[in-house]
Amino acid sequence: MANRRFGTANRFGTSNQFGVSTATSPRLKFALEFDWDNNHEFDGFNDATSRLLSWTQRRGREFFFNSGGDGFQAVNEGEMTFTLKNTDRRFDPYYSAGSIFAGLQKNILCRFMALDESTATLYPEFFGYVTDVRPKYGGLDVTEIVVQDGVKKLKDKNISSSSVYAGNQYDQQIVTALSVAGWVDGYNVDETLSDTMPYHWFNGSPAFNELMALVQATFGLFFVDKQGIAVYKSRISSDISVMDLTEADIEYDYGIQAPSPREVVRNSIKVYARARSAQAGVELWRLVDVPLLAGGTGSPIWATYSYNGEEVPVTSVTEPVASTDFTAHQNADGSGTNYTANISWTRTGFATSSKLVPTNSGPDAYLTLMKLRGTAIAADQYTYATATDDESIGVYGERELVINSDWLQSFNTAQEQADLLIDRFASLRFFPRIKVKKSSLDKIFAPDLFDLVSVNFSTKGVTGEMRIGFMEKSWNSNSPDSVECVYYFEPNLTISSSGVWIFPVTLPATLG
């Protein structure tokens with residue numbers, strides 16, 4: 001699949017890869033490609049760019065914290081909407097005679113690139129899957145094609161574990177989650193953080209939720225980059241700034257904006273931890289019903305493990321033993337002939353359940369006892385570490401932040417995290433939002449989501465490295481060489497080699 005990504009073919013105008021700019025002095029061109037034949041490759045053919053009237057893009061997270069204070073906000077699925085001229089109905093999903101009609105009905109691949117002809121610089125911009133096609137009929141027939149990145153696929157795919165993982169690192173389990181989800185678009189997982197979990201498993205939830213539970217426990221970042229690759233950055237990521245931004249790069253009419261202090265101050269921290277331990281030889285499940293087993297192979301019985309009234313995973317299950325774990329009799333009350341010797345089982349095990357298929361080699365019999373024993377992974381009751389700042393609470397009121405992940409399993413670690421968070425967020429921090437000058441194509445297309453940027457907004461006293469937490473862009477053919485681009489910045493929550501958190505940007509006194 002060499003053509004699947006970006007920059008592997010001739011991209012600079014000798015093919016129909018890029019559309020022709022209508023500007024007097026053409027500078028900006030685009031390449032919008034779709035995998036219409038659904039063979040998971042791009043062949044360089046482009047039937048969309050010349051029809052492109054406008055596009056919009058939204059990626060990242062608009063807020064650093066969830067509005068209710070329950071942890072850090074996860075990224076939304078990145079999305080681009082392309083508006084294409086459609087007078088011949090080529091992009092009409094209701095026109096069955098169209099040559100790409102079949103492709104319009106599928107979640108096919110799409111990639112989008114920008115070319116700055118003045119510098120001959122090619123910028124990969126988006127890679128994802130078509131999720132919606134919306135024809136609009138009127139004075140000018142158009143079609144809107146909505147493309148979303150791989151976050152959408154991860155939200156749509158539930159994953160479960162066939163067994164419990166013991167002693168694995170967080171980064172290992174992030175890779176495992178992507179593998180179990182059938183992720184095929186590549187990944188870049190930071191392996192510098194060596195924290196391990198005593199136990200871990202997937203609960204049957206959407207893969208994205210499973211990933212975010214791991215990431216929340218590590219204060220890391222997970223997103224899909226503009227080339228479609230899944231990226232995990234740990235809290236000690238060693239990345240460096242990719243560009244500088246000053247007030248000279250900002251659109252004057254937008255200026256420098258910032259969210260309300262209530263959105264960024266957190267002065268009451270609660271970090272949950274839940275230790276787990278192995279409990280050997282315990283009863284994991286017992287069948288309450290007394291079903292009738294006819295001769296031959298019966299219907300599957302699903303057993304969900306529990307211990308102390310809570311659903312649990314297991315590390316091992318004892319295969320059912322006749323008379324100890326199961327009995328069968330002629331009558332439902334256990335009277336009559338004992339038929340236990342005629343019953344056998346085929347068991348398929350999962351992390352939190354078993355599939356049991358009975359076989360009865362004798363006459364019809366009632367299953368008067370059925371249970372499973374094994375080693376359960378029991379969880380302690382939730383405990384949590386706290387940290388508060390009374391001075392901050394007196395100024396801003398109590399602003400709570402709760403970190404609650406099943407995969408933070410050490411109280412000491414929870415306390416360390418609470419202390420770090422109160423130190424960084426009890427005081428007011430500046431989260432600038434800016435609009436880049438429309439003609440600054442390198443500032444618009446070069447950085448990716450969560451890249452580090454060195455900002456120097458001298459009149460506001462804001463300097464230091466920050467991450468691009470959210471980006472919103474738009475373009476239309478009426479202004480072919482300019483792009484609207486807004487960035488929301490957020491703190492760089494990384495830790496230096498000395499163990500000190502890097503968080504240089506504070507609210508200057510002149511803005512207080």
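Residues numbered from 1 in each chain as written. Predicted model: local features only at pLDDT ≥ 70, side-chain atom pairs only at ≥ 80, totals over all residues. Heavy atoms only, no water.

Draft legend 1. How the structure looks around the sheet that holds strand β28 (residues 383–388). The strand order β28-β16-β29 describes an open sheet built from three strands, whose pairing is mixed. The sheet is open, and its two edges are formed by β28 and β29 (400–403), each paired on a single side. The mean angle between the axes of side-by-side strands here comes to 15°, regardless of whether they run parallel or antiparallel. In the sheet, strand β16 (residues 268–273) pairs with β28 via six bridges, with the strands oriented antiparallel. Paired with Tyr 272 across the two strands is Tyr 384, which belongs to β28. Packed onto the sheet, helix α7 (residues 411–425) meets β16, β28 and β29 and runs at close to 20° relative to β28. (Pairing = 2+ DSSP bridges. Helix = DSSP H or I, 4+ residues; strand = E, 2+ residues; numbered from the N terminus. Axes fitted to C-alpha atoms, helices over the stretch in contact; angles between N-to-C directions. Contact = heavy atoms within 4.5 Å.)

Draft legend 2. Region of the structure containing the packing of helix α3 (residues 170–180) against helix α4 (residues 207–218). Their axes nearest at 10 Å, the elements α3 and α4 cross at an angle of 165°. By the criterion of interaxial angle, the relationship of α3 to α4 is roughly antiparallel. The handedness of the crossing between α3 and α4 comes out as left-handed. Residues Tyr 170, Gln 173, Ile 174, Ala 177 and Leu 178 of α3 form the contact with α4, whose participating residues are Leu 211, Leu 214, Val 215, Ala 217 and Thr 218. Taken together, the residues that form the contact of α3 with α4 break down as eight nonpolar, two polar and no charged. (Parallel < 35°, antiparallel > 145°, perpendicular 65-115°, else oblique. Left-handed = near helix turned anticlockwise from the far one by under 90°. Nonpolar A, V, L, I, M, F, W, Y, C, P; charged D, E, K, R; others polar.)

Draft legend 3. Region of interest: the packing of aromatic side chains. According to the stated counting rule, one finds 26 aromatic pairs in the structure shown. Considering the side-chain rings of Phe 470 and Tyr 488, the 4.9 Å spacing of their centres and the 55° angle between planes classify their relative orientation as tilted. Of this pair, Phe 470 sits in strand β32 (residues 462–476) while Tyr 488 sits in strand β33 (residues 484–491); the two residues are 18 residues apart in sequence, bridging distant segments of the chain. Side by side, Phe 470 and Tyr 488 carry an identical accessibility label, which is buried. Each residue in the set Phe 64, Phe 65, Phe 72, Phe 219, Phe 425 and Phe 431 is aromatic and connected to the rest through ring pairs, giving one cluster. When the ring centre of Phe 91 is taken as reference, the NZ or CZ atom of Arg 90 above it lies at 6.0 Å. Arg 433 extends its terminal NZ or CZ atom over the ring of Tyr 488, reaching a point 4.1 Å from the ring centre. (Phe/Tyr/Trp six-rings, centres within 6.5 Å; stacked < 30°, edge-to-face > 60°. Buried < 20%, exposed > 50% of the residue type's maximum accessible area, 1.4 Å probe, protein only. Lys NZ or Arg CZ within 6 Å of the ring centre and 35° of its normal.)

Draft legend 4. Layout of the nonpolar core. Phe 72, Leu 154, Phe 222, Ile 269, Val 271 and Leu 421 are the most contacted members of the largest nonpolar core, which totals 59 residues. Among the elements that make up this core, the one with the highest residue count is α4 (seven residues). Other than its neighbours up to four places away in sequence, Leu 154 contacts Leu 178, Ala 181, Trp 183, Pro 206, Ala 207, Phe 208, Leu 211 and Phe 222. Counting residues in each nonpolar core, the second largest holds 45 residues, with Met 80, Ile 100, Phe 112 and Trp 475 among its members. (Core = buried A, V, L, I, M, F, W, Y, C linked by side-chain atoms within 4.5 Å.)

Draft legend 5. Looking closely at the sheet that holds strand β12 (residues 221–224). A sheet is described by the order of its strands in space; here three strands give the open sequence β9-β13-β12, paired in mixed fashion. Of all strands in the sheet, those bounded by a partner on one side alone are β9 (187–189) and β12. Averaged over all adjacent pairs, the angle separating strand axes in this sheet is 10°, with direction ignored. Strand direction decides the pairing type here: β12 and strand β13 (residues 230–233), joined by four bridges, are antiparallel. Paired with Leu 221 across the strands is Lys 233, a residue of β13. Contacts between α3 and the sheet are confined to β9, β12 and β13, with β9 contributing the most and set at about 165° to the helix. The strands touched by α4 are β12 and β13; relative to β12, the strand with the most contacts, the crossing angle is about 145°.

Draft legend 6. Seen up close, unusual backbone geometry. Positioned with a positive phi, Ala 120 is a non-glycine residue whose angle comes to about 55°. Residue placement: Ala 120 occurs in the loop between β4 (109–116) and β5 (121–136). Residue class for Ala 120 comes out exposed when judged on its relative accessible area of 52%. Positive phi, normally seen in glycine, also occurs at Phe 450, with a value near 65°. Mapped onto the fold, Phe 450 is located in the loop between α8 (441–445) and β31 (452–457). Phe 450 gets classed as buried once you look at its relative accessible area, which sits at 1%.

Draft legend 7. Seen up close, the state of the cysteines. Within this structure, the stated rule accounts for zero disulfides. Cys 110 forms no disulfide, and the closest cysteine sulfur to it belongs to Cys 485, at a distance of 19 Å. According to the relative accessible area criterion, Cys 110 is buried, its value standing at 1%. (Disulfide = S-S within 2.5 Å.)

Draft legend 8. Looking closely at the confidence of the model for the chain. Averaged over all residues, the pLDDT of the chain equals 88, while 91% of them reach at least 70. Summarising per-element confidence for the chain, the mean pLDDT is lowest in strand β35 (residues 501–502) (41) and highest in strand β24 (residues 326–329) (98). Confidence drops under pLDDT 50 across residues 7–16; counting only partners more than four residues distant or on other chains, this segment forms 20 contacts. (pLDDT = per-residue confidence, 0-100.)

Draft legend 9. Geometry of the environment of Leu 292. Structurally, the position occupied by Leu 292 is in strand β18 (residues 292–293). Given the relative accessible area of 47%, Leu 292 is considered partly exposed. Along the primary structure Leu 292 and Arg 111 are separated by 181 residues, whereas in three dimensions their C-alpha atoms are 57 Å apart. Once residues lying within four places of it in the same chain are set aside, the contact partners of Leu 292 are Asp 364, Ala 365 and Tyr 366.

Draft legend 10. Quick look at α3. Of the positions making up α3, those classed as buried are Tyr 170, Asp 171, Gln 173, Ile 174, Thr 176, Ala 177 and Leu 178. Directly after α3, the chain includes Gly 182, whose backbone phi takes a positive value near 75°.

Draft legend 11. Spatial organisation of the pairing of β24. Neither face of β24 is open: one carries Phe 326 and Ala 328, the other Thr 327 and His 329, and all of them are buried. Relative to strand β27 (residues 365–379), β24 runs antiparallel, the two being bridged by four bridges. Of the residues in β27, the one forming a bridge with His 329 is Tyr 366.

Draft legend 12. Spatial organisation of the pattern of salt bridges. In total, this model carries 27 salt bridges according to the counting rule given. Residue Arg 134 is joined to Asp 132 by a salt bridge in which the shortest nitrogen-to-oxygen separation is 2.8 Å. Note on Arg 134: relative accessible area 35%, which makes it partly exposed. Linking Glu 144 and Arg 134 is a salt bridge whose minimum nitrogen-to-oxygen distance equals 3.5 Å. Taken as a pair, Glu 144 in strand β6 (residues 142–148) and Arg 134 in strand β5 lie far apart in primary sequence, 10 residues in all. (Salt bridge = Lys/Arg side-chain N within 4 Å of Asp/Glu carboxyl O.)

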